[in-house]
Every structure is written in structure tokens, then in C-alpha cells.
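Structure at a glance
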Amino acid sequence: GKKRRQQEVPLFSATEADAVSAKAEADEAGQSIPENAMGKKMASADKTVRDKAVLVMSKWMAQQRNLGEEDHIKVWKALYYCYWMSDKPPVQQDLAEKLSELIHSFPTHEQSMLFMRAFWATMLREWAGIDRLRLDKFYNLVRCMQRQ
């Protein structure tokens, strides 16, 4: 059979309504990690679903001043699988840049440092499970995070 080609949509091409709904979801979550942005949505095969989940997460992160290390680990686990699901080099590059820029979303330096530590803990935990086909993709993410 013919494979249906998925139309590429630029990262964060969200309409204004999507941005408003992402902010509303982040506000609704308050101090809790927004469940709608986690799990299945972050690891969705649909790029637009993943993009919206990352947008919700970034809005939520901007409101957080007291996340613990475990919370940052949970966030990075979701972001890791979001990146794992990205395909095609331009999409991967854009997503790596967006994920690395999330460090600047937090209102405090302490939260940004916890976010970075959680990234490295996630890479350490997951690195052995990265197959050779995805290795270059994750090298790119590491480079983007290092530049921040």
C-alpha cells in the first residue's frame, strides 16, 4: 500500500487560539505538572500534538518557582520521549533548539539549574537505550543544551 505522507508543519505554528488554550492549560495546572502536556501527548506520533504539549509545558514552566528535582526529572522524561518521536532532521533541529531554550522559561536561576541537572540525569539514565539510528539526533540535543 501507499504510505500517507505526513505534512510537515513548522514547530510552534500554533494559532493564537492554541497559544491562549496552552496558557489556560498551564494556568489550570497551577503547581502540578500539567497532565495534558505529559505522557501520551508528549510522545504522540502527531507533531502538532507534541508541539502543543511543549507549548503548554513552556507556559507552565514560566510560572514555577518551587519545583523539586523529582519534578524536573518527570518533565525531562516527557521531553525526552517527545524528542525521541521527532523525525526528519529539520524537525529534530527545531525541536532540539526549542527544548534547549526551555531553560530560559523558568523565573529563577535555581529552577533553571535544576532543569539542566535533570537533563543530564535523563541523558545518563537513557543513553544506553538509544539505538545507533537515533544517536546523531541525541548528540544534536546535547549540543543544543550545552550551548545554552
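The rules behind the values
- Residue positions are given per chain, counting from 1 as you read along its sequence in written order.
- Selection of residues for local features in this predicted model requires a pLDDT of at least 70, selection of side-chain atom pairs for listing and counting requires 80 or more, and totals for whole chains, interfaces and linings are taken over all residues.
- Note that water and hydrogens are dropped before the side-chain values are worked out from all heavy atoms of the structure.
- Every helix listed is a DSSP run of H or I at least four residues long, and every strand listed is a run of E at least two residues long, numbered separately from the N terminus.
- Each residue is assigned to one of three classes by its accessible area relative to the maximum for its type, calculated with a 1.4 Å probe on protein chains only: buried under 20%, partly exposed between the two thresholds, exposed over 50%.
- Note on areas: Shrake-Rupley, 1.4 Å probe, and residue coverage restricted to the protein chains presented here.
- Given a helix with a known number of residues, its expected span is that number minus one, times 1.5 Å.
- Whether two residues are in contact is decided by their heavy atoms: any pair within 4.5 Å suffices.
- Polar contact is defined as a pair of N or O atoms within 3.5 Å, subject to the rule that within protein one atom must be able to donate a hydrogen and the other to accept it, and that residues adjacent in sequence are counted only when both atoms are side-chain atoms.
- Here, axes are lines fitted to C-alpha atoms. For helices the fit covers the stretch in contact, and angles between N-to-C directions go from 0 to 180 degrees.
- Left-handed describes a crossing in which the near helix is turned anticlockwise from the far one by less than a right angle; the clockwise case is right-handed.
- A pair is scored as a salt bridge if a Lys or Arg side-chain nitrogen falls within 4 Å of a carboxyl oxygen belonging to Asp or Glu.

Helix and strand content of the protein: 6 helices and 0 strands. Ordered by position in the sequence, the α and β elements of the protein form the string α-α-α-α-α-α. Each of the 148 residues in the protein was classed as buried or not, and the buried ones make up 42%. As displayed, the protein has an accessible area near 8,600 Å², and 52% of this comes from carbon and sulfur atoms.

Quick look at helix H6 (residues 132-147) now. Under the 1.5 Å per step criterion, the end-to-end length of H6 is 23 Å for 16 residues, consistent within 8% with the ideal 22 Å. When we look at burial in H6, the residues that qualify are Lys137, Phe138, Asn140, Leu141, Val142, Cys144 and Met145. For H6, the secondary structure elements touched by its buried residues are helix H3 (69-85), helix H4 (89-101) and helix H5 (109-126). By the N-cap criterion, in which a side-chain oxygen at the helix start approaches the backbone nitrogen of a residue two or three places on, H6 is capped by Asp131, the distance to Leu133 being 3.0 Å.

This brings us to the packing of H4 against H6. Two elements in contact, H4 and H6, have axes whose closest approach is 9 Å; the angle formed by their N-to-C orientations is 35 degrees. Here H4 runs over H6; the crossing is right-handed. Between H4, through Gln92, Gln93, Ala96, Glu97, Leu99 and Ser100, and H6, the contact on the second element is made entirely by Lys137, Asn140, Leu141, Cys144, Met145 and Arg147.

By secondary structure assignment, the location of Met61 is in helix H2 (residues 47-61). Residue classification places Met61 among the buried positions, given a relative accessible area of 0%. Along the primary structure Met61 and Pro107 are separated by 46 residues, whereas in three dimensions their C-alpha atoms are 8.1 Å apart. What Met61 contacts, discounting residues up to four positions off in sequence, is Val75, Leu102, Ser105, Phe106, Pro107 and Phe115.

This part takes up the pattern of salt bridges. Under the criterion given, the structure shown has 5 salt bridges. Lys88 is paired through a salt bridge with Asp87; the nearest N and O atoms lie 4.0 Å apart. Overall, the relative accessible area of 34% leaves Asp87 in the partly exposed class. Between Asp131 and Arg134 there is a salt bridge, with its nearest N and O atoms 2.7 Å apart. In this structure Asp131 comes out as partly exposed when scored by relative accessible area, which is 27%.

So, about the side chain of Glu126. Turning to its location among the elements, Glu126 is positioned in helix H5. Within the local environment of Glu126, its side chain forms a polar contact with the side chain of Arg125, the two groups lying 3.0 Å apart. If near-sequence neighbours (up to four positions away) are discounted, Glu126 is found in contact with Tyr80 and Tyr81.

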